[in-house]
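# Summary of structural features
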Amino acid sequence: NAGVTQTPKFQVLKTGQSMTLQCAQDMNHEYMSWYRQDPGMGLRLIHYSVGAGITDQGEVPNGYNVSRSTTEDFPLRLLSAAPSQTSVYFCASSWTGNSPLHFGNGTRLTVT
Amino acid sequence: DAKTTQPPSMDCAEGRAANLPCNHSTISGNEYVYWYRQIHSQGPQYIIHGLKNNETNEMASLIITEDRKSSTLILPHATLRDTAVYYCIVRGGEYGNKLVFGAGTILRVKS
């Protein structure tokens, strides 16, 4: 049982490049979410999904797109990377909105 | 989600109980109190949660006041490995899916 798997672990992008951060869970969780964490700060919610085909915005959605075509996967897309998106990104999942969240180990993204 | 307030940092001696407070005065009746911790830059780890009764598991105890406006996470015998940022979060009800983390409490366990 792998839990929540995030890839890649590290990524360096140039301003304007695009990329997709991958997140997969094998626990059949309905709820999935993306957070970013900047140095010395707590986690801020980017987007979340309550099931396949359903997504919604969190606190800081600008510059990010998501989709949820399957229960297992919840990719996060940066269409045109900016230095302000340099951060650590965490994906999390849970059975429902009231269940404990399981977090991945993060993707460390640097945009130059 | 109801907002939570936590002290920015606390110290605890190794082997002693660590008591981390959290204020959630605007909590509504169907919202749960959750605690997570984050060690270094790893993904946050679930510790415990509760609605209105006190809860205990192998990691910690959660004490929720009768009016539910505050709670305390208790690590009964803190070790150096418990040094981490601890987050208190209120979740559930209509906004349960929009889980929001605050700044948390940095707990430093010292030998």
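Residues numbered from 1 in each chain as written. Chains lettered and ligands numbered in written order. Predicted model: local features only at pLDDT ≥ 70, side-chain atom pairs only at ≥ 80, totals over all residues. Heavy atoms only, no water.

## Comments concerning the state of the cysteines
Residues and elements named next belong to chain A. Here the structure, examined in full by the defined rule, presents two disulfides over all chains. Across the disulfide from C23 sits C91; the S-S distance is 1.8 Å. Judged by the sign of its S-S torsion, about -70°, the bond between C23 and C91 is left-handed. Placement of the pair is C23 in strand β3 (residues 19-25) and C91 in strand β9 (residues 87-94), with a sequence separation of 68 residues. (Disulfide = S-S within 2.5 Å. Helix = DSSP H or I, 4+ residues; strand = E, 2+ residues; numbered from the N terminus.)

## Examining the pattern of salt bridges
One pass over the structure, following the stated rule, counts five salt bridges over all chains. Measuring nitrogen to oxygen at the nearest pair gives 4.0 Å for the salt bridge that ties B:R108 to B:D11. Remark: B:D11 occurs in strand β1 (residues 9-13) and B:R108 occurs in strand β9 (residues 105-110); sequence separation between them is 97 residues. By relative accessible area, B:R108 is classed as partly exposed at 37%. On the basis of relative accessible area, B:D11 is assigned to the partly exposed category, the value being 46%. In the salt-bridge network here, residues are joined through shared partners; they are A:R36, A:D38 and A:R44. (Salt bridge = Lys/Arg side-chain N within 4 Å of Asp/Glu carboxyl O. Buried < 20%, exposed > 50% of the residue type's maximum accessible area, 1.4 Å probe, protein only.)

## Brief notes about the pairing of strand β4 (residues 31-37) of chain A
All names here are of chain A. Within β4, seven of the seven residues are buried, leaving the element largely enclosed by the surrounding structure. Here β4 shows two buried faces, one formed by Y31, S33, Y35 and Q37 and the other by M32, W34 and R36. Bridge analysis of β4 against β9 gives seven bridges, and the strand direction is antiparallel. Within the sheet, the bridge partner assigned to Y31 lies in β9 and is S94. Sheet topology places β4 next to strand β5 (residues 43-51); six bridges connect them, and they run antiparallel. Within β5, the position partnered with R36 by the bridge is R44. Counting the residues that bridge the hairpin from β4 to β5 gives five residues, and of these G40 lies at a positive phi of roughly 75°. (Pairing = 2+ DSSP bridges.)

## Some thoughts on the packing of aromatic side chains
One pass over the full model with this rule turns up eight aromatic pairs over all chains. With 6.1 Å between their ring centres and 15° between their planes, B:Y34 and B:Y36 make a pair best called stacked. Each member of the pair, B:Y34 as well as B:Y36, carries the same accessibility label: buried. With a centroid separation of 5.9 Å and 70° between ring planes, the pair formed by B:Y36 and B:Y46 is classed as edge-to-face. A residue pair is termed long-range when its members are at least 10 positions apart, and B:Y36 in strand β3 (residues 31-38) and B:Y46 in strand β4 (residues 45-50) qualify at ten residues. On the accessibility criterion, B:Y36 (0% relative accessible area) is buried. For B:Y46, a relative accessible area of 25% gives the class partly exposed. Through a chain of ring-to-ring contacts, the aromatic side chains of A:Y35, A:F103, B:Y32, B:Y34, B:Y36 and B:Y46 assemble into a single cluster. For A:R68, the ring lying beneath its charged end belongs to A:F74, and the centroid distance is 6.0 Å. (Phe/Tyr/Trp six-rings, centres within 6.5 Å; stacked < 30°, edge-to-face > 60°. Lys NZ or Arg CZ within 6 Å of the ring centre and 35° of its normal.)

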